[in-house]
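# Per-entry structural report
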Amino acid sequence: MVRRRRRKQKNSIEEAIAGIALIAPFFFTYSVTGSISVSVFASFVAVAMVIAFIFYRQMAAATRLRNSGIAEIDKMSILEIFRTFVQCSRIQS
C-alpha cells in the first residue's frame, strides 16, 4: 500500500510539473510579446521538450535495466542466486 501511495504521489507531482511547464511558457511569452501566435508556438516548443524528456527517461531506464545483468539471473540456479544475495548483503552491511 505504501509503495502504491508513493507512486501516486510521484505521478501527481510529475503531472503538476508538466502542467506548469506547458502553461507557464504561454503566459510568460504572452506577457512579454503580447502575441498569441508566438505564445502558442512557445507552448508547442515546451510540449516537445516535455515529450523529449519523457522519452529520454524511458530510454535511460531501459539502458539501466539492460546493463544490470538481470537476464543472467534466469540462467542461475537457486543456490547461485542465494550465494549472490548473501554476498551482496555482506557488502552492504
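I will try to describe carefully the structure that is included in this document. (Residues numbered from 1 in each chain as written. Predicted model: local features only at pLDDT ≥ 70, side-chain atom pairs only at ≥ 80, totals over all residues. Heavy atoms only, no water.)

## Structural notes on the overall build of the protein
Helix and strand content of the protein: four helices and zero strands. Starting at the N terminus and ending at the C terminus, the protein contains elements arranged as α-α-α-α. The buried share of the protein, taken over its 93 residues, is 5%. Total accessible area on the protein is roughly 8500 Å²; 67% of this is exposed by carbon and sulfur atoms. (Helix = DSSP H or I, 4+ residues; strand = E, 2+ residues; numbered from the N terminus. Buried < 20%, exposed > 50% of the residue type's maximum accessible area, 1.4 Å probe, protein only. Areas by Shrake-Rupley, 256 points an atom, 1.4 Å probe, with all protein chains shown as cover.)

## Looking at helix α2 (residues 36–67)
Spanning 32 residues, α2 covers 46 Å between terminal C-alpha atoms, matching the ideal 46 Å at 1.5 Å per step. Those residues of α2 lying buried are Ser39, Ala42, Ser43 and Ala46. (Expected span 1.5 Å × (residues − 1).)

## Description of the layout of surface pockets
Considered as a void within the structure, the largest pocket measures approximately 260 Å³ in volume. As for the largest pocket, its lining consists of Glu14, Glu15, Ile17, Ala18, Ala21, Ala46, Met49, Val50, Phe53, Ile54 and Arg57. Counting only elements with at least two residues in the lining of the largest pocket, the list comes to α1 (2–33) and α2. The dominant element in the lining of the largest pocket, judged by the number of residues it contributes, is α2, at six residues. Taken together, the residues that form the lining of the largest pocket break down as eight nonpolar, no polar and three charged. (1 Å grid on protein atoms, 1.4 Å probe; cavity = no way out; pocket = protein on both sides within 12 Å on 5 of 7 lines; lining within 4 Å. Points joined across faces, edges and corners; volume = space filled by probe spheres on them. Nonpolar A, V, L, I, M, F, W, Y, C, P; charged D, E, K, R; others polar.)

## Points about the side chain of Thr29
Topologically, Thr29 is positioned in helix α1. The buried category is assigned to Thr29, whose relative accessible area is 13%. Setting aside its immediate chain neighbours within four residues, Thr29 contacts Gly34, Val38, Ser39 and Ala42. (Contact = heavy atoms within 4.5 Å.)

## Comments concerning a nonpolar patch on the surface
Taken together, the side chains of Leu22, Ile23, Phe27, Val47 and Ile51 make up a nonpolar region of the molecular surface, amounting to roughly 450 Å² of accessible area. Contributions of two or more residues to the nonpolar patch are made by α1 and α2. Among the elements that take part in the nonpolar patch, α1 stands out by supplying three residues, more than any other. Along the polypeptide, Phe27 turns up in helix α1. Residue classification places Phe27 among the exposed residues on the basis of a relative accessible area of 54%. (Patch = residues over 30% accessible without salt bridge, like charges linked within 9 Å, V, L, I, M, F, W, Y side chains within 5 Å. Salt bridge = Lys/Arg side-chain N within 4 Å of Asp/Glu carboxyl O.)

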